[in-house]
Amino acid sequence: MSIAGCRVDKISLLEWDVERGTMDLIDQAAASDLRALLHGPSRRILPVLVLPLVLVGSCAAGAWLWANLEEFVETPEARDVASTMSLSLEDRASLFEIKWAQQKAGDEIVELNRQIDAQRDDLKGILDQITVLTSRIDSL
């Protein structure tokens, strides 16, 4: 190798190192700028993306509710009437007896609960009287 060739190689290597260093600095600056650009707007974009999703979900739920509204509005008696229309006369009579027995049992349960509450109140009164008598005996 000649000196001139070596010199050209050194100069080109220096230029290449300077260019590479410059490129590294540019890459670092660009990366830091990109990080700020990439991280900053993502926080702002999140509500912009979530809001339409919530709106679409709400609209879909509203449409489903509107389509199935009669199931929510329909009373149990209306369902029972519709189902009993297809029953035979014998089955209707049996169903009526069962409903009557259920109503009677419900009334009896209400009466028993009332009696239990009355007995509980009586027992509380007796307990209070025993407490008063015990305190009198202790004071004698």
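Each remark here, short or long, concerns the structure printed above.
Everything in this summary refers to the structure shown in the same document. The model shown is predicted, which means the values in this text are computed figures rather than measured ones.

**What about the pattern of salt bridges?**
Close approach of charged atoms allows side chains with opposite charge to pair. Across all of its chains, the model carries two salt bridges by this definition. Across the pair Arg-114 and Glu-111 runs a salt bridge whose closest N-O atoms are separated by 2.4 Å. Taken together, the positions of Arg-114 and Glu-111, both in helix H4 (residues 89-139) and three residues apart, correspond to about one turn of that helix. With a relative accessible area of 49%, Arg-114 lands in the partly exposed category. With a shortest N-O distance of 3.3 Å, Arg-120 and Asp-117 are connected by a salt bridge. Of this pair, Arg-120 and Asp-117 both sit in helix H4, three residues apart, which is roughly one turn of the helix.

What counts, and at which threshold
Residues numbered from 1 in each chain as written. Predicted model: local features only at pLDDT ≥ 70, side-chain atom pairs only at ≥ 80, totals over all residues. Heavy atoms only, no water. Salt bridge = Lys/Arg side-chain N within 4 Å of Asp/Glu carboxyl O. Helix = DSSP H or I, 4+ residues; strand = E, 2+ residues; numbered from the N terminus. Buried < 20%, exposed > 50% of the residue type's maximum accessible area, 1.4 Å probe, protein only.

Purely geometric numbers; function is a separate question.
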